[in-house]
Amino acid sequence: NLKQALDTPSNVYCTMNPLDNYSYVNSTLTNGNTTVATGSGSPSWNYITSTLGVNTGKYYWEVKDTTNNSAILGFAAKVSTASGDQLGESTAQWGVQSNGRFRSAGSDLATTGTFSFGQNDILGFALDCDNNKIYISVNGVYGNSGNPSTGANGITIASPDVGGGFGWYFPAFGDGNTTSDTYHVNFGNGFFGTTAITSAGSNGNGSLFEYDVPSGFYALNTKNINTYG
């Protein structure tokens, strides 16, 4: 069944980027490039990035992993360059693993258990580009006692132009296993794959998310980037 999106010619929402789909181990993109099935085989833990990148402003998106085969969810400031390029293990990459660790450049920025998630849990990413902070929620509850609306207990991340970064943060998803993993990303259109969100949270500013969008944060679309970025 076709699902109506909120995109218009004057306001385009972020999707995952089919042009950044590392050729050694391709991911499969469906549902308007909002569903990603990672590649399988050995090694296959590279990652894929999104169509829109940001370096100013505050933005929010949600991800639902329906398989949880060593999922790694996060963002990157450069594309994957090798089939064994695991998100969070090099500079200009940030990834949270299902055991709750949040890593960048091969080091833990948050230890095991901080952001633990399982199959069909929904992760919310509140990215504060103005202060280089990240806040991560699991089913609406922010780990690390974070509060993106007030700026409390955000995890400091490096600037997107260091370590070979392109100068913009891009949502990114991969895994740490040789088995395919499937993710559904909601950038504000209100769907995980073809399934509508259960009930829209507040403060969406015209976009539809499962959980409340933190005050001052916006969906990743061209209108919001132009207005708030």
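Our subject is the structure listed above.
Everything quoted here is computed from the prediction, not taken from an experiment.

Could you give an account of the environment of Val36, naming the residues involved and the relevant values?
Along the chain, Val36 turns up in strand S2 (residues 35-37). As a C-alpha pair, Val36 and Asp65 span 29 residues in sequence and 9.6 Å in three-dimensional space.

Got a sec to walk through the sheet that holds strand S13 (residues 170-175)? Specific residues and values, please.
Sheet architecture is open: 6 strands sit in the order S3-S13-S5-S6-S7-S8, paired in antiparallel fashion. Each having just a single partner strand, strand S3 (47-49) and strand S8 (107-110) make up the two edges of the open sheet. Across the sheet, the axes of successive neighbouring strands diverge by a mean angle of 30°, strand direction being ignored. Where S3 lies against S13, 3 bridges are found, and the strand directions are antiparallel. Looking across to S13, one finds that Tyr47 is bridged to Gly174.

Report on the packing of aromatic side chains, specifying residues and quantitative values.
Any aromatic ring pair is given by two values, namely how distant the centres are and how the planes are angled relative to each other. Tallied over the entire structure, the rule returns 9 aromatic pairs. Considering the side-chain rings of Trp61 and Phe125, the 5.5 Å spacing of their centres and the 15° angle between planes classify their relative orientation as stacked. Highlighted residues: Trp61 in strand S4 (residues 58-65) and Phe125 in strand S9 (residues 122-128), separated in sequence by 64 residues. The exposure class of Trp61 is buried, given its relative accessible area of 0%.

If you had to explain the nonpolar core to someone new, which residues and values would you point to?
If you look at soluble globular proteins, the nonpolar side chains tend to sit buried side by side. By size, the foremost hydrophobic cluster in this structure holds 36 residues, and its most contacted members are Trp61, Leu73 and Phe102. For this core, the secondary-structure elements that each account for two or more residues are S4, strand S5 (71-76), strand S6 (93-97), S9, strand S10 (133-138) and strand S14 (182-186). Beyond its immediate sequence surroundings of up to four residues, Leu73 is in contact with Val63, Leu87, Trp94, Gly95, Val96, Phe117, Leu123, Phe125, Ala172, Phe173 and Tyr183. Listed in part, the 9 residues of the second largest apolar core include Tyr60, Tyr135, Tyr142 and Val213.

Thresholds, definitions, all that
- Residues numbered from 1 in each chain as written.
- Predicted model: local features only at pLDDT ≥ 70, side-chain atom pairs only at ≥ 80, totals over all residues.
- Heavy atoms only, no water.
- Helix = DSSP H or I, 4+ residues; strand = E, 2+ residues; numbered from the N terminus.
- Pairing = 2+ DSSP bridges.
- Axes fitted to C-alpha atoms, helices over the stretch in contact; angles between N-to-C directions.
- Phe/Tyr/Trp six-rings, centres within 6.5 Å; stacked < 30°, edge-to-face > 60°.
- Buried < 20%, exposed > 50% of the residue type's maximum accessible area, 1.4 Å probe, protein only.
- Core = buried A, V, L, I, M, F, W, Y, C linked by side-chain atoms within 4.5 Å.
- Contact = heavy atoms within 4.5 Å.

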